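What follows is each chain in one-letter form.
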Amino acid sequence: MTLSNQFVDRGKHGNTPAMTTRADETFLDFVSDMRNVLMHAPNDYVEEVGTKAVETAGARNEQWPECVASVREALMEDGEVSTWLRVKRSLQEAYWDRIITSYGEREGELMQRLEAADKKGPGTLKWDPNFKVPEYATVDIHIQPGGFVHHPLAGFHYDYGTRVFFGGINAGDAQHMKMARKTATPKDGKVKRFLDLGTSIGQLPCQVKRLYPDAEVWGIDIGAPMVRYAHLRAVEQDLDVNFAQMASENLEFPDNHFDVVSAHLLFHEIPMPIIKATIAEAFRVLRPGGVFVIWDFPSATSGNRRFSGFMRTLDAADNGEPYSVEFVNADVERLMTEAGFKLRYTSPEDIMRHGRVGDKP
Amino acid sequence: MLDEPKNQAAGDNLDYVRDLPGFERGHPHYFKDPMIDHLLEIVMLLGGELWTVKDRQAVTEHLLATEGKVTPEMIEQFRPSADMKEKLARDRQTFVKHVYSCLYSDRAKATKTDYFGIVGKGE
């Protein structure tokens, strides 16, 4: 079967549409391996050497432009660190470029797929072509051109991009199934309504639906392209999951409604006023006894250099994650407590194992 | 069952976000002479293009050996067996290590870490 007059239908990899040509796919396999060998492998060494270089230069690891400039300058003194940073950035630019070009070859057909799925079930979809996206959410997150809100195929791009990023370990959304299993449930065990905030392409709520088939499961995201693609993905898996374009700080759900609210890797992508408002909204929509689970980066105080120091400062600047520095430096547990949550865990080790878990009294 | 949004006040005091590094995509360089950045990038991209040629050659040879002919459509539709997929992956990883491992000293070739190795640890 052909998708157009030009291209052969190359099917899917798990839930992810294949690249338009074998050459595109092969190039991206190469990029993925390059990331594993040249980025992940020397990670610890680069952290150690880079940290010393920044300390020696007396550069301040803060999120402001002049601090980032001084950190960059300090790191230029070490060729291996410079190489690591160049490899990381160039490979990331290369995979976005190839993915967007490849899917772009058959944009019309992919748009038709989205439009056809919009009207299909089993789950529902709500999005608004006139939705006013707040400025904070217009960032090219992970330097994905157009971020999550501007390109109509952003969900497709994100799906294949994370396939490259994870280097094969998330095939079939396996890691999301692990996260779904680990996500805390209310102490009374009742999971009838589940909401995932900042759901991107809906991998977590789809796996939650598999775990709790009788539950009403929702995923919301601020990007229309993301929720449309999340819905398409769920429809193709015949999963009854509901998706809606919605800001996490402005939820369109009743009070005391959900048993579980989750946020997987959302919080380091939103600025502090939105973090505070999102925690308040999660508290409002949870029923008494409901539980809020935040899966995200560890705090800078945990001592993990990947999430603090120069690695975080430069990753925030060069990976399109401008709010991640204020997130790792925030006392998120205190913010949850101030909002009314009772924390299940307080030690950094427990938080990494279970997430930041707050029960609504 | 969707309600009207209630939290209209959220979003105040966000002007500072425009000044944060990373809000704009930018074009960072990591060497004092940005030409080194460009050259390293070119070398990596060429490696990717060379690998696609090597892969296409392997698929072409396989199709000729097993089918006696090859067309562009056959290459696009080709799905390698598990064994061949594994061999291609092994060859690709060997190629990457062979060509690029000289970029780092021995000390740098250390442990592998990834996001899921840190968050959700204990699985």
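Up top you'll find the structure we're talking about.
Let us look at the structure shown here. Per chain, residues are indexed from 1 in the order of the written sequence. All chains are assigned letters beginning with A, and all ligands numbers beginning with 1, in the order in which they are written. At least 70 in pLDDT is required for a residue's local features to be given in this predicted model, at least 80 for side-chain atom pairs to be given and counted, and no such filter applies to totals for whole chains, interfaces and linings, which use all residues. Side-chain measures here rest on the full set of heavy atoms in the structure, leaving out hydrogens and waters.

Residues and elements named next belong to chain A. Among the 10 residues that make up helix α11 (residues 309-318), nine are buried, leaving the element largely enclosed by the rest of the structure. What makes two residues a contact is simply this: any of their non-hydrogen atoms within 4.5 Å. Think of it this way: any DSSP run of H or I at least four residues long counts as a helix, any run of E at least two long counts as a strand, and we number them from the N terminus. The inward-facing, buried residues of α11 contact α2 (43-57), α3 (65-75), α4 (79-104) and α12 (324-328). Just downstream of α11, Gly 320 is the residue with a positive phi angle, here 60°. Only protein chains enter the accessibility calculation, which uses a 1.4 Å probe; a residue whose area is less than 20% of its type maximum is buried, one above 50% is exposed, and one in between is partly exposed.

So, on to the pairing of strand β10 (residues 356-359) of chain A. All names here are of chain A. Neither face of β10 is open: one carries Arg 356 and Gly 358, the other Val 357 and Asp 359, and all of them are buried. Pairing between strands is defined by DSSP: at least two bridges between them are needed. Note that strand β8 (residues 286-295) and β10 share four bridges and pair antiparallel. Across the sheet, residue Phe 292 finds its bridge partner in β10, namely Gly 358. Note that strand β9 (residues 342-343) and β10 share two bridges and pair antiparallel. The partner of Leu 343 across the bridge, within β10, is Gly 358.

For the rest of this paragraph, the subject is the layout of surface pockets. Only protein atoms enter the calculation, which uses a 1 Å grid: trapped sets of points that fit a 1.4 Å probe without letting it out are cavities, open sets showing protein on both sides within 12 Å along at least five of seven lines are pockets, and any residue with an atom within 4 Å of a point is a lining residue. Grid points are joined across faces, edges and corners, and a volume is the space filled by probe spheres set on the points. Its boundaries defined by the atoms lining it, the largest pocket holds a volume of some 890 Å³. Along its surface, the largest pocket is lined by 40 residues, and His13(A), Asp29(A), Arg163(A), Gly168(A) and Lys85(B) are the ones closest to its centre. Counting residues per element, the ones that place at least two in the lining of the largest pocket are β1 (12-13), α1 (22-40) and α6 (154-165) of chain A together with α1 (34-67) and α3 (82-100) of chain B.

The partner chain B presents 72 residues to the 92 residues of chain A that form the contact. For any pair of parts, buried area is found by adding up, for both, the accessible area (1.4 Å probe) each one loses once the two are put together. Roughly 7500 Å² of surface becomes buried between chain A and chain B when both sides are summed, with 62% attributable to carbon and sulfur atoms. On the chain A side of the contact with chain B, Arg22(A), Phe30(A) and Arg86(A) bury the most area, a combined 10% of that side's loss. We define a salt bridge as a side-chain nitrogen of Lys or Arg found within 4 Å of a carboxyl oxygen belonging to Asp or Glu. Run the count over chain A and chain B and you get 10 salt bridges.

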